[in-house]
Amino acid sequence: MPIHNMEIADQFNRLADLLELEGANPFRVRAYRNAARTVGGLPQSVTDMLKRGKPLTDLPGIGEDLAGKIAAVCKTGHLPLLEEIEKRLPPALTELMQIEGLGPKRVKALHRQLKIESLKDLERAARSGRIAELKGFGPKTQAAILERLGRHTGQVHRVRLADAEQIVKPLLEHLSAAPGMEEVVVAGSFRRRMETVGDIDILAITARAAAAMDRFVSYEDVVEVSSQGETRASVRLRSGLNVDLRVVPRSSYGAALYYFTGSKAHSIAVRRIAIKKGYKVNEYGIYRGSRRVGGRTEAEIFDRLGLSFIPPELRENRGEIEAAQEGRLPVLITLDDIRGDLHCHTKATDGHDTLQAMAEAARSRGYEYMAITDHSRHVAMAHGLDRKRLLQQIRAIDRLNEKLDGFVVLKAIELDILADGSLDLPDDVLKELDLTVCSVHYKFDLPRRQQTERILRAMNHRYFSILGHATGRLINEREGYEVDLERILEEAAKTGCIIELNAQPTRLDISDVYCKLAKELGVKIAISTDSHTTDNLDFMRFGVDQARRGWLEAGDVVNTRRLPELRKLLRRA
DNA sequence: GCCGTTTTCGGCCCGACTGTTTTCAGTCG
């Protein structure tokens, strides 16, 4: 049973928590957290890296010691240092640190002085009033602990980006109406266009900070004001989402936007460069000594530090800073680069709109082509097309194309990859199509090796064009099936198969790190909406966001091409 | 624990807010 990256990351994070409780060197703690983040975000499994003899010390923030520990976990499943510390400290103490407002120092004090080892202990102590008596604690802290305990579910909840957008939009409108408000923007992971966000960071430019604060905390969806100062406030919304507002003057706009966009790892790395160059960067500006030398725009900061402008989507400290130093940042794809959509359904299966309506909707978005990819027969739930109905649809598309001027509907299908890796319809009908999107819809529970072989076998079929939603995950709803995506991408590089980036906000499949790996391997990506209504075509922008996070340029994406060029890419040797 | 245009030791990002204090530690982002 190979150890997954996430398991290693979990062990390191737990170790970091416990070390922090023990009062270890905070930079040592950070090293473990960084390692957890690095390993957790890798597109390939470290088990495989080790097998292939790739040195783990090549990974940023992984030195000899951590490389050895990672290798040990891969080999044995155990991290001896973690187990050693768990003998000294109750492992459940790390749960206490999940409670907002409880950090290592307070948890340590609660453990030492009140023998609190679990959430249950914590609740009992708070109810009995013993916490308020501790030095450094008080009645307010005790009440806050009780209140947050009641809300604690044990899991961090992240909201899908598209859902966050719907929550944020009316709030921005509300804030914009504050007297003296000059500008309101969202920073944080929302601006970096992460597939999910944990909270919302809003930046407001105004000379009247107090008015902005008042307007913010009085928003109708606010259920709790967690903190409120002169320039900063935090609230919790009815939806459960936390929102931070930060007010800055116009002159600090760029510095503040940069700082609050993050990511944290990116900010730390850039500030380190700033220090080396004799600067200090904070949310008010960039300074040489006590003299402020910039910060009105983000560009001023990048310029000072000798970096080219790094788009927010890349700010994850995954190589973008080095690329910016060397002037080799990618020119990221934009929505305007997209010329068509290659995965769309109609009423013929589980879509809601007609062939013609879909075509017109695509055309009205400025596209030059779209592929109609209804389901194949095996997806019975969606009344998948059999040979006869597919041929009917092909003829209907031919008739429609005769009427359309300057727009082409491509004949295609979303073809089920059967459990043995064969495709759901015979070659004699597939050969009539312009392309196929081949996807897994059943048998999610195959063992990883078998699932991978299933897809690899399908990919070697002569009429296989694009692999649809490659992992089958639904964000916040279900994990994808177990599959070796790195091997699939390597095979795609060999065979010329295209990999889909499914733009449905609940899918965004494949993820950003796999987009980057695909690019590095030379694999072409199709960003497709998997539309089931005409409105769904607008999901393209979420796909483009994800592609940008994955470093993709227009040239990496097939549906940025004009039709003749696309056809060439689809024609396989 | 990592890392090197401060280079193998001695640094490691930086400020706001809260609740507890009587000048600040702890937490958070």
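Sequence order as written defines the numbering, with residues in each chain counted from 1. Written order decides the labels, with chains lettered from A and ligands numbered from 1. Local features in a predicted model are, by the rule used here, given only for residues with pLDDT of at least 70; side-chain atom pairs are given and counted only at 80 or more, and totals for whole chains, interfaces and linings are based on all residues. Think of the side-chain values as coming from all heavy atoms in the structure, minus any hydrogens and water.

K.L.:
How should the domain arrangement of chain A be read in this particular structure?
P.N.:
Put simply, an interface is often sized by how much accessible area is lost when its parts join up. When cut into domains, chain A gives domain 1 (5–153), domain 2 (159–247), domain 3 (252–326) and domain 4 (335–570). On a C-alpha basis, the centroid separation for the pair domain 1 and domain 2 is 30 Å. Per the annotation, domain bounds derive from an automatic or database assignment of domains.

K.L.:
Would you take a moment to explain the protein's contact with DNA strand B for this structure?
P.N.:
Any residue with at least one heavy atom within 4 Å of a molecule or strand is counted as near it. Close contacts around DNA strand B come from 48 residues, with Asn 25, Gly 138, Gln 228, Tyr 259 and Arg 271 the closest. Close to the protein, within 4 Å, the atoms of DNA strand B are drawn from sugar and phosphate at a rate of 77%. Polar contacts, as used here, are pairs of N or O atoms within 3.5 Å; protein pairs need one atom able to donate a hydrogen and one able to accept it. Residues neighboring in sequence count only if both atoms are side-chain atoms. Backbone polar atom of Lys 105 to a phosphate oxygen of DNA strand B: 3.2 Å apart, as the coordinates give it. Thr 231 places a polar main-chain atom, nitrogen or oxygen, 3.0 Å from a phosphate oxygen of DNA strand B. For the surface near DNA strand B, the element with the highest residue contribution is helix H14 (residues 264–276), accounting for six residues. Tallied by class, the residues present in the surface near DNA strand B amount to 15 nonpolar, 13 polar and 20 charged. Secondary structure elements follow DSSP: runs of H or I no shorter than four residues count as helices, runs of E no shorter than two count as strands, and numbering proceeds from the N terminus. Each residue is assigned to one of three groups, with Ala, Val, Leu, Ile, Met, Phe, Trp, Tyr, Cys and Pro labelled nonpolar, Asp, Glu, Lys and Arg labelled charged, and all others, Gly among them, labelled polar.

K.L.:
Mind showing me how you'd approach the nonpolar core here?
P.N.:
The nonpolar side chains of a soluble globular protein tend to be buried, and buried together. Residues Met 370, Val 409, Ile 488, Ile 499 and Ile 527 are the most contacted members of the largest nonpolar core, which totals 62 residues. Pairs of residues are marked as contacts when any of their non-hydrogen atoms sit within 4.5 Å. The residues contacting Ile 488, other than those within four sequence positions of it, are Thr 452, Ile 455, Leu 456, Met 459, Leu 467, Val 483 and Ile 499. By nonpolar core we mean a set of buried residues, namely Ala, Val, Leu, Ile, Met, Phe, Trp, Tyr and Cys, connected to one another through side-chain atoms within 4.5 Å. Type-normalised accessible area, obtained with a 1.4 Å probe on protein chains alone, sets the label of each residue: buried when under 20%, exposed when over 50%, and partly exposed for intermediate values. Membership of the second largest hydrophobic core comes to 50 residues, among which are Met 49, Leu 89, Ala 109 and Ile 131.

K.L.:
Any chance you could explain helix H5 (residues 80–88) here in plain terms?
P.N.:
Every α-helical turn comprises 3.6 residues, leaving residues that sit three or four positions apart pointing alike. Regarding H5, the residues found buried are Leu 81, Leu 82 and Ile 85. For H5, the buried positions fall inside an angular range of 100 degrees around the axis, keeping them on one side. Within H5, the exposed residues directed more than 90 degrees away from the buried face are Pro 80 and Lys 87. This arc describes the spread of directions from the helix axis toward the C-beta atoms.

K.L.:
Can you walk me through the state of the cysteines in this structure?
P.N.:
By definition, a disulfide links the sulfur atoms of two cysteines through a covalent bond. Two cysteine sulfurs form what is called a disulfide whenever their separation falls within 2.5 Å. For the structure on display, the rule yields zero disulfides. Looking at the unpaired Cys 497, the closest cysteine sulfur is the one in Cys 438, lying at 8.2 Å. On the accessibility criterion, Cys 497 (2% relative accessible area) is buried.

K.L.:
What exactly am I supposed to notice about the sheet that holds strand E10 (residues 291–294) here?
P.N.:
The strands making up a sheet associate through hydrogen bonds between their backbones, and the pairing can be parallel or antiparallel. Note: two strands are recorded as paired if DSSP finds a minimum of 2 bridges between them. Pairing in this open sheet of three strands is antiparallel, and the strands run E8-E9-E10 from one edge to the other. In the strand order of this sheet, the two ends are held by strand E8 (280–282) and E10, each with one partner. Mean inter-strand twist for the sheet, computed between neighbouring axes without regard to direction, equals 35 degrees. In this structure, E8 lies alongside strand E9 (residues 285–288), joined through three bridges in antiparallel fashion. Looking across to E9, one finds that Asn 282 is bridged to Gly 285. Angles here are taken between N-to-C directions and fall from 0 to 180 degrees, while the axes themselves are lines fitted to C-alpha atoms, restricted in helices to the stretch in contact.

K.L.:
Can you walk me through the packing of helix H17 (residues 355–364) against helix H18 (residues 387–403) in this structure?
P.N.:
The relative placement of two packed helices is expressed as an angle between their axes plus a distance between the axes. Running from amino to carboxyl end, H17 crosses H18 at an angle of 40 degrees, the nearest separation of the two axes being 11 Å. Comparing the axis directions of H17 and H18 gives the class oblique. In the crossing of H17 with H18, the sense of the turn from one axis to the other is right-handed. For the pair formed by H17 and H18, the contact residues are Leu 355, Gln 356 and Ala 359 on the first element and Ala 396, Ile 397, Leu 400 and Lys 403 on the second. The residue makeup of the contact of H17 with H18, split by class, is five nonpolar, one polar and one charged. Oblique is the label for any angle not covered by the other classes, which are roughly parallel (under 35 degrees), roughly antiparallel (over 145) and roughly perpendicular (65 to 115). The crossing is said to be left-handed when, going from far helix to near helix, the turn is anticlockwise and less than a right angle, and right-handed when the turn is clockwise.

K.L.:
Could you clarify how one ought to interpret the packing of aromatic side chains in this entry?
P.N.:
For any two aromatic rings, the description comes down to two numbers: the centre-to-centre distance and the angle of the planes. Two rings belonging to Phe, Tyr or Trp (six-membered ring only in the last case) form a pair when the distance between their centres is within 6.5 Å. Interplanar angles under 30 degrees mark stacking, angles over 60 mark edge-to-face geometry, and anything in between is tilted. One pass over the full model with this rule turns up six aromatic pairs. Between Tyr 259 and Phe 260, the aromatic rings sit 4.8 Å apart at their centres with planes inclined by 75 degrees, giving edge-to-face as the arrangement. Ring geometry for Phe 444 and Tyr 481: centres 4.9 Å apart, planes at 85 degrees, overall edge-to-face. Here Phe 444 is found in the loop between strand E14 (435–439) and helix H20 (448–459), whereas its partner Tyr 481 is found in the loop between strand E15 (466–467) and helix H21 (485–495), with 37 residues between them in sequence. Owing to a relative accessible area of 5%, Tyr 481 belongs among the buried residues under this scheme. A connected cluster of aromatic rings, assembled from ring pairs, spans Tyr 258, Phe 302 and Phe 309. Cation over ring: Arg 193 sits above Phe 190, and NZ or CZ is 5.1 Å from the ring centre. We call a charge positioned over a ring when the NZ of a Lys or the CZ of an Arg lies within 6 Å of the ring centre and within 35 degrees of the ring normal. For the cation-ring pair, Arg 250 lies above Tyr 253, with the distance from its terminal atom to the ring centre recorded as 5.7 Å.

K.L.:
Could you clarify how one ought to interpret a positive patch on the surface in this entry?
P.N.:
Patches here are clusters of residues that have more than 30% relative accessible area and form no salt bridge, with a 9 Å joining cutoff for like charges and a 5 Å cutoff for nonpolar side chains (Val, Leu, Ile, Met, Phe, Trp, Tyr). Here the accessible surface of atoms and residues is derived via Shrake-Rupley with a 1.4 Å probe, and residues count as covered only by protein chains that are part of the display. Note on definitions: salt bridges are taken to be side-chain nitrogens of Lys or Arg within 4 Å of carboxyl oxygens of Asp or Glu. Charged residues are defined here as Lys and Arg on the positive side and Asp and Glu on the negative side; His and the ends of the chain fall outside this count. For this purpose, a charge sits on NZ of Lys, CZ of Arg, CG of Asp or CD of Glu. Together, Arg 30, Lys 264, Arg 272 and Lys 276 make up a region of like positive charge exposed at the surface. When residues of the positive patch are assigned to their parent elements, the largest contribution, three residues, is made by H14. Its location among the elements puts Arg 272 in helix H14.

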